[in-house]
Amino acid sequence: MIKYLATASLLLAGTYLSTGPALAADPGITDTEIVIGDVEPLTGPPALLGVAASIGHKIAIAEANAAGGINGRKIKYVLEDDGYVTARTIQGVKKVTDVDKAFALLGISGSGQSIAVMPLLEKAGIPTVIDVAPVKFLWEPPRKNVFVVGQSYEEGIIHLVNYLADKNPGKKWGLITQDDDYGITVRDGFDTVVKAKKLNVVYSGNYKKGQQDFSSDMLQLKDSGAEVFLAGGIIGENIAMMKELEKLNIKPVVGIFWPGRVEPVLKLMGPAGDGIYAVDYVEPFAGAAGKAFLEKAKGLLPEAEMKGVNRYSMTGYAAAKVLISAIERCGKQPTWACTITELEKTKNVETGIMAPISFGPGVRFSNQKLQIMQSEFSTLSFKPVN
Amino acid sequence: MRTGDFKQTYGELVTLVDSPPVWLWSALLVAGLIAAPFVLNSYALSFLMIIMITVVGALGLNILTGYTGLISLGHVGFLVTGAYAYAVLVSKYQMHPLVGFLGAGVVPALASLIVGAPSLRLKGLYLAITTLAFSFIINTVILEARWLTNGARGISVQRPEIFGLSFEGDAAFTYLCLGFAVFTLFATLNIRRSRVGRAFVAIRDNDTAARVMGINLHAYKLFAFVTSAFITGLSGALYGIYLSFVSVEGFPFLLSIEALAILIVGGLGSALGAVLGTILIVLLPEATRLVFSLFSAQMDAMFTTGAQELKSMLYGLVIIMFLRFQPRGLVGAWHDIRRIWVNWPLRY
């Protein structure tokens, strides 16, 4: 009996593991289905981003499927968790491309993770639309099959600091950043404006990734007399900073960046988070476009998943819309080559939740228009101010 | 009648492999591994690569923790140092990949002198905490030395080309990893049966008795640190190449714990144990997913979308089970099976 079980297991494993390269030119398409793959951090702290982005993809896919799919084929969405570990992202991409035979990819985890899988994506040639972490390396130099929806962190920071500088002339500035790639990007953007506008920076701090206690940093900020403060944390760090400022009874003008511009963060900040400024390229949920998006999501998602919706659901939705529309334009027999060509031809595609999306020959980055928003604690929302 | 596997001479005791069938099985295994890239898809091949790379690192840690009994919680520090040494030499200064691999071994080995020297008088928990602190210091040094390491931005690493042989493809890179794994396995097996290896084991079993026998504890402990760091650095270089991008974020602290788990599950102090432990720990989540997917698509989806949490739980569960029911690890289980096979139907 054991021998039979062992033989059966070996045969099963062998069949599973030895499915070699696809015989068809482009995998992931049957008469009834098109497979779209995605690898996201669905567990651990970055899950706040990864889960939300995957929900955005699901909304766009459900919407397309409800309308009959892509030229009659239903979209099958295959999602893998990488836990924000680079080695697992690589394995995840290999799984969705080699085992699940995805026709195209969406999302692709965080910035470091998507950078690491770039050679793999380029070599495979699979059409990919990245939406979670837009960093320059992903579109400079442009890769034939990789497209990025969003705006660069540098541009975001420059836009935010310019706005705050114009609104608060002659004020003293403070900045704190994380000791990683994200932090360096924030600092680079900040320094560009400091030079151009000759800002008076009285406090400049750097914190270790994972730091939770900001009492000393915020005390130094208070002692420096900073009146405008750029909180360069991502999620939990910004909450801890705002709580400390509340304890110290000081309320400088505060600017945060879009990874932390999610409603649960505002809730956790409490009243201390009221009136902070944020920069983003997707519409706030408080506006008409945001409300319309939530309404659409309600009709297409199970109730449990609605809790995970945040701004990353919007970026995910937009990326999926662009990809689906490109495949659709390829007609009854879509191929990778055609999908890539159609993605390149993307011109002013309306998603309703951000400025129209365009790519072009050698242009793989959508370069979205930015806007400044201000938080309102009483309604747990962000509202546009310009 | 043969009643067991007994060594009658000193030569038999130190021989690398004591029976022709073991050579035969080993040769068949290597032949199978050489054939693997021709039959496995890219996803399955990625597991093979990870296994080979991890085997190198686990064998490196095994010299320090398994053979010499010095517990290290900071081996990821040597891993990341090796990866950066390779990336800086090859990607930044365009040196030959072989120079890169040499640097990936030598730089962590030198770093191990810095952590090893003050640790010579430490044992157990104190040594574990010292090595843990070392891994944090290394990360800080890498982040601060931007002029050399690009700080947090990391360094992109290409697959190497050595003497006209390109390791760009997955199959070729798997062979490179296999070469390193086989070489490291032979090296560590030979260290184990040499005078140095026996001194390591003597220190592990009772360092006071070892000193009485004339073993220079400081020199041998330091040698264990250096050898272990050298091998772990090579593993780091391979891992960096596999990731194609070296940054401190790609080398989380949990890798140190995973490496210790591999040794415990495989069987502490055994090279074969390090190999078996690696295979089990790397393949466990995938094998479990495969089995569960037979029952329902929902279970398959659960493993796919909550993979990391489930994997952590599985690792924890397996370690607890091994510590409780088979503390000698997979190697111990294998020895038990062999004994039962030889002695059957007798109990002993």
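Residues numbered from 1 in each chain as written. Chains lettered and ligands numbered in written order. Predicted model: local features only at pLDDT ≥ 70, side-chain atom pairs only at ≥ 80, totals over all residues. Heavy atoms only, no water.

Overview of the environment of Gly170(A)
Short version of the rule: Elements are defined by DSSP. Helices are runs of H or I of four residues or more, strands are runs of E of two residues or more, and each kind is numbered from the N terminus.
Looking at the element boundaries, Gly170(A) is found in the loop between helix H5 (153–167) and strand E6 (172–178). On a C-alpha basis, the gap between Gly170(A) and Glu227(A) in space is 9.8 Å, while along the polypeptide they are 57 residues apart.

Points about the interface of chain B and chain A
Note the following rule: Residue contacts are counted whenever heavy atoms from the two residues lie within 4.5 Å of one another. Buried area adds together the accessible area that both of two parts lose upon being put together, with accessible area traced by a 1.4 Å probe. Any carboxyl oxygen of Asp or Glu that lies within 4 Å of a side-chain nitrogen of Lys or Arg is treated as forming a salt bridge with it. Any pair of N or O atoms that falls within 3.5 Å is considered a polar contact. Within protein, one atom must be able to donate a hydrogen and the other to accept it, and sequence-neighbouring residues count only if both atoms are side-chain atoms. Side-chain classes are defined by residue name, with Ala, Val, Leu, Ile, Met, Phe, Trp, Tyr, Cys and Pro counting as nonpolar, Asp, Glu, Lys and Arg as charged, and the others, Gly among them, as polar.
Opposite the 39 residues of chain B that make contact, chain A presents 39 residues. Interface of chain B and chain A: buried area, both sides summed, is about 3200 Å²; carbon and sulfur atoms make up 55% of it. Ranking the residues of chain B by area buried against chain A places Tyr43(B), Arg153(B) and Gln308(B) at the top, with a combined share of 19%. At the boundary of chain B and chain A, one finds 4 salt bridges. There are 7 residue pairs in polar contact (both at pLDDT 80 or more) connecting chain B and chain A. Elements with a minimum of two residues in the side of chain B that touches chain A: helix H3 (42–67), helix H6 (124–144), helix H11 (217–243), helix H13 (271–293), helix H14 (297–305) and helix H15 (307–325) of chain B. In terms of residue count, H3(B) provides more of the side of chain B that touches chain A than any other element does, 7 residues in total. Grouping the constituent residues of the side of chain B that touches chain A by class yields 17 nonpolar, 12 polar and 10 charged.

Focus on unusual backbone geometry
Residues and elements named next belong to chain A. Cis geometry is found at the peptide bond from Glu140 to Pro141, where omega equals 0°. Residue position: Pro141 is located in the loop between strand E4 (128–130) and strand E5 (146–148). Positive phi, close to 50°, is recorded for Asn348, a residue that is not glycine. In this fold, Asn348 is placed in the loop between helix H13 (336–344) and strand E11 (371–376). Even without being a glycine, Leu380 presents a positive backbone phi close to 50°. Relative to the helices and strands, Leu380 resides in the loop between E11 and strand E12 (381–384).

Section: the packing of helix H3 (residues 86–99) of chain A against H3(B)
To be explicit about the condition: Here the axes come from fitting lines to C-alpha atoms, over the contacting stretch only for helices, and the angles between their N-to-C directions go from 0 to 180 degrees. Roughly parallel here means an angle under 35 degrees, roughly antiparallel means over 145, roughly perpendicular means 65 to 115, and every remaining angle is called oblique.
Look at H3(A) against H3(B): their axes get within 7 Å of each other, and the N-to-C directions meet at 150°. By the angle class used here, H3(A) and H3(B) are roughly antiparallel. Residues Gln91(A), Lys94(A), Lys95(A), Asp98(A) and Val99(A) of H3(A) pack against Ser42(B), Tyr43(B), Ser46(B), Phe47(B), Met49(B) and Ile50(B) of H3(B). Along the lines of polarity and charge, the residues of the contact of H3(A) with H3(B) split into 5 nonpolar, 3 polar and 3 charged.

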